[in-house]
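# Residue-level structure breakdown
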Amino acid sequence: MPLDTSSYALALLRLDGRRWCELRRIHGQVSTQAAADGSSYLEMGNTKVICTVAGPSEVKKTGQQGGVGGEARIEVDISIAGFSGVDRKRRGRNDKRVSELQHTLSTAFSSILLTHLYPHSTIQLSLHVLAQDGALLAACINAATLALVDAGVPMYDYLVACTAGSTSHSAAATTQTASQDVEDPLLDLNGTEEQELPFLTVGTLGATDKVSVLVCETRVHATRIGEMLALGVDGCKQVRQILDEVVRAHGRKMVNS
Amino acid sequence: MALPGQLLGSTSKYVPGPGTHLHEANIYASIVGRISETTPRKLPKGTPPKPFNPSNLPVLSVSRPTSRPVDQPVTGATNSILPEVESIILARITRLTTRQANATILAISPPNATSSAPSAADPLLSSPPVACAHPFPALLRTQDIRATEKDKIKMLESFRPGDIIRAQVISLGDQGGYYLSTARNELGVVLAWDETGEELVPISWKEMGTVEDGKVGAREPRKVAKPF
């Protein structure tokens, strides 16, 4: 059944009771696994991700090299649990969707981390998706950022991500006719909204407006991209504040111990 | 406390140190940790300035605390002690070959205990050993079992699988594990059992046996640790 967004403008609320510019509940934990160099657990609404970082360490496999030009290589391994989604898909090792996510994360963090400090080394990111309800890439990026901060891997700034979508519906406004489309951008889409609406994932560097990740896999009118991107960047700043609090709380605990 | 991306100062006032990076003539933190500012010593007249710090500015650095608290610890210990060279450990023999014995390190005596205690005394008595958060693999080669007559050593006459040994770490080793040595009087088997499960007691430096009604029963060869 298609998502009915006609009531969004009238009620000013979405299906889950949020306003258009409201984030879902974000809960993060740092240093959740003792054996890993860095680890984190992140919930963005009902999307739940565990991330562990191993490294920087020497290359394990024989004949394998580290990163290009005397820099560390970032290896990303994403495993999506069968019970994480409704469809219970069995994703293989070389699943296209997973490979794409891995590549996106690897290239994104290659530009954020100070990889030149660890030549001929690898930094291994392992992400386990426990539950999916939209914003999967964003949740993976945020969880990986927390884990890398915990591991003490030097980075230029946080890489935070968020999703933004757009809905067009016929709204009976006084200044417009019923046939005209009113486009409302939406922040942090859930699973149901992602299936029906065009959306993009935007990742920014810290509290700045520098966009590091921008992924849009749905067909969307070019005129809508601007406002979706602006809302996404604004959402990233909100996410940054939340992650900042998580790291600060953990940092205080670490310094006091 | 500094967080990654946090502005720490300008390059006109400070020199970037470990845990920081430069961006547009500003120093930013790269890791989470304490901010420390170290003022360089005044150089005597005539000495050339250091190339990285010609104007002798204070160095800004961010350092991470060594211990890391764990929100959901796997074990009771928040930070596990790792075996170091010369640290005394307790291990269980898991597998024997003619050339080497495989062992699992179960407990490690804290490093300060080993350094302060004299070689004759048992370092484990001065401070109790700390149980490992997770077992570490180790290897004990035949030439490291005892200090004398190394060519006559037979592995089966020194250890058996399941024996608890006191040993010293002689090398951090490779992927196979740490390298251990029992080439001292106070190092060797401390706990052993025979095939029936009876506990063995030391009889001599190379024998252990079962005791029934004050009489020594079956004897088994072992490289025995000197009792205290």
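Rules behind the numbers
Residues numbered from 1 in each chain as written. Chains lettered and ligands numbered in written order. Predicted model: local features only at pLDDT ≥ 70, side-chain atom pairs only at ≥ 80, totals over all residues. Heavy atoms only, no water. Helix = DSSP H or I, 4+ residues; strand = E, 2+ residues; numbered from the N terminus. Buried < 20%, exposed > 50% of the residue type's maximum accessible area, 1.4 Å probe, protein only. Contact = heavy atoms within 4.5 Å. Areas by Shrake-Rupley, 256 points an atom, 1.4 Å probe, with all protein chains shown as cover. UniProt positions renumbered as here; feature names shortened; annotations may be inferred. Patch = residues over 30% accessible without salt bridge, like charges linked within 9 Å, V, L, I, M, F, W, Y side chains within 5 Å. Salt bridge = Lys/Arg side-chain N within 4 Å of Asp/Glu carboxyl O. Pairing = 2+ DSSP bridges. Core = buried A, V, L, I, M, F, W, Y, C linked by side-chain atoms within 4.5 Å. Phe/Tyr/Trp six-rings, centres within 6.5 Å; stacked < 30°, edge-to-face > 60°. pLDDT = per-residue confidence, 0-100. Axes fitted to C-alpha atoms, helices over the stretch in contact; angles between N-to-C directions. Parallel < 35°, antiparallel > 145°, perpendicular 65-115°, else oblique. Left-handed = near helix turned anticlockwise from the far one by under 90°. Nonpolar A, V, L, I, M, F, W, Y, C, P; charged D, E, K, R; others polar.

### A word on the overall build of chain B
A tally of regular secondary structure across chain B gives two helices and 15 strands. A burial count over chain B gives 41% of its 228 residues as buried. Long-range pairs, those at least 24 residues apart, make up 58% of the contacts in chain B with a sequence separation of at least 6. Entry remark: accessible area of chain B is about 13000 Å², with carbon and sulfur atoms responsible for 53%.

### Focus: the UniProt feature "domain: Exosome complex component CSL4 C-terminal" (unreviewed entry) in chain B
Mapped onto this numbering, the UniProt entry gives "domain: Exosome complex component CSL4 C-terminal" (unreviewed entry) at residues 82–109 and 131–172 of chain B. Helix and strand shares over residues 82–109 of chain B are 0% and 64% respectively, and the end C-alpha atoms of the span are 10 Å apart.

### Here we look at a nonpolar patch on the surface
A contiguous nonpolar surface patch, about 270 Å² in accessible area, is contributed by V201, I203, V211 and V216 of chain B. I203 of chain B sits in the partly exposed class, given a relative accessible area of 33%.

### Brief notes about the pairing of strand β1 (residues 26–30) of chain A
Residues and elements named next belong to chain A. Here β1 shows one buried face, formed by I26, G28 and V30, and one open face, formed by H27 and Q29. Note: β1 against strand β2 (residues 38–44), five bridges, orientation antiparallel. Residue pairing for β2: H27 is matched across the bridge by E43.

### Here we look at the sheet that holds strand β2 (residues 15–16) of chain B
With mixed pairing, three strands are arranged side by side in an open sheet as β2-β6-β5 (chain B). Either end of the sheet is taken by a strand with one partner, and the two such strands are β2 and β5 (34–38) of chain B.

### As for the UniProt feature "domain: Exosome complex component N-terminal" (unreviewed entry) in chain B
As annotated by UniProt and renumbered to match this structure, "domain: Exosome complex component N-terminal" (unreviewed entry) occupies residues 1–36 of chain B. Summarising residues 1–36 of chain B: 0% helix, 47% strand, and an end-to-end C-alpha distance of 10 Å.

### Points about the nonpolar core
Counting residues in each nonpolar core, the largest one holds 61 residues, and the members touching the most others are I78, L105, F109, L125, L127 and L148 of chain A. If you look at the next biggest cluster of nonpolar residues, it comprises 26 residues, including A101, I153, A167 and A192 of chain B.

### Here we look at the packing of aromatic side chains
Residues and elements named next belong to chain B. Counted by the stated rule, this structure contains one aromatic pair over all chains. Judged by centre distance (6.0 Å) and plane angle (85°), the rings of F136 and Y178 are edge-to-face. Here F136 is found in strand β9 (residues 130–141), whereas its partner Y178 is found in strand β11 (residues 177–181), with 42 residues between them in sequence. Under the relative-accessibility criterion, F136 is labelled buried at 10%.

### Re the confidence of the model for chain A
With 81% of its residues at a pLDDT of 70 or more, chain A shows a mean pLDDT of 81. Confidence, read as mean pLDDT per element, is least for helix α1 (residues 8–11) of chain A in chain A (65) and greatest for helix α3 (residues 136–151) of chain A (94).

### Looking at the packing of helix α2 (residues 96–112) of chain A against α3 of chain A
Helix packing geometry: the angle between the two helix axes and the distance between the axes. All names here are of chain A. The contact between α2 and α3 brings their axes to 11 Å, and the two run at 45°. Considered as vectors, α2 and α3 are oriented oblique to each other. Handedness of the crossing formed by α2 with α3: right-handed. Two secondary-structure elements touch here, α2 through L101, T104, L105 and F109 and α3 through L136, L137, C140, I141, A144, T145 and L148. For the contact of α2 with α3, the per-class residue count stands at nine nonpolar, two polar and no charged.

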